[in-house]
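# Tertiary structure, described
Okay, here's what each chain looks like letter by letter:
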Amino acid sequence: MANAAKQLAALAVLALSTMQLMVSCAADDVVPSGGEGFASRHSPPVSARTPAVMTVNGFQRGESGGGAAACDGRFHSNGDRVVALSSGWLRLDGTRRCNRMIRITGPGGGRSVLARVVDECDSAHGCGDNIVDSSAAVWKALGLDTDVGRVRVTWSDA
């Protein structure tokens, strides 16, 4: 009888662990990361309204973006509507989005803007998997204040 109770308890623990794993994978995958923002386990699938967190990036030499853009090896003006996408989105299903246009829609489905993908926000080195890292020009076109730093948006291939 004691052996059967131990087996039943082990099965219950296994079932509970499996259920927790399933729930965590089914969540929206956008979770606080170190109190500084958002991170996720994997890039959500791209759709007509792909959820993302838009951040501000400097694409000019010496700014927060680091080196030259991965797609074209150049630096870009902050007046250009350009973005860096999380690694999974840049190369989703073997499709590279380099130099392609995406449509970004601001919070609440407000304004939208077209921007060119010029860089990768490297998910293996600290960038979340749900990031659209954008120039100040993108923020301005959406009527957003860059001082906010992070805002939920949606995006799609244009």
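Below or above, wherever it landed, is the structure these notes cover. Fair warning: this is a prediction, and the values are worked out from it, not measured in the lab.

### Focus: empty space enclosed by the protein
Under the criterion given, the structure shown has one cavity of 30 Å³ or more. Taken as a whole, the largest cavity holds about 50 Å³ of empty space. Along its surface, the largest cavity is lined by Gly58, Phe59, Gln60, Gly65, Gly66, Gly67, Ala68, Ala69, Arg74, Phe75, His76 and Asp119. Its residues placed into classes, the lining of the largest cavity shows four nonpolar, six polar and two charged.

### Here we look at the state of the cysteines
Scanning all chains against the criterion turns up two disulfides. Between the sulfur atoms of Cys121 and its disulfide partner Cys127 the distance amounts to 1.9 Å. Here the disulfide of Cys121 and Cys127 is right-handed, its torsion about the S-S bond being about 105 degrees. Within the chain, bonded cysteines paired by disulfides and numbered along the sequence follow the pattern 1-2, 3-4.

### Description of the pairing of strand 6 (residues 112–121)
For strand 6, a buried count of seven out of ten residues is recorded, marking the element as mostly surrounded by other parts of the structure. Here strand 4 (residues 82–86) pairs with strand 6 via five bridges, running parallel. Looking across to strand 6, one finds that Val83 is bridged to Val117. Examined bridge by bridge, strand 5 (residues 101–105) and strand 6 share five bridges and lie antiparallel to one another. By the bridge assignment, Thr105 is partnered in strand 6 with Ser112.

Definitions and limits used
- Residues numbered from 1 in each chain as written.
- Predicted model: local features only at pLDDT ≥ 70, side-chain atom pairs only at ≥ 80, totals over all residues.
- Heavy atoms only, no water.
- 1 Å grid on protein atoms, 1.4 Å probe; cavity = no way out; pocket = protein on both sides within 12 Å on 5 of 7 lines; lining within 4 Å.
- Points joined across faces, edges and corners; volume = space filled by probe spheres on them.
- Nonpolar A, V, L, I, M, F, W, Y, C, P; charged D, E, K, R; others polar.
- Disulfide = S-S within 2.5 Å.
- Buried < 20%, exposed > 50% of the residue type's maximum accessible area, 1.4 Å probe, protein only.
- Helix = DSSP H or I, 4+ residues; strand = E, 2+ residues; numbered from the N terminus.
- Pairing = 2+ DSSP bridges.

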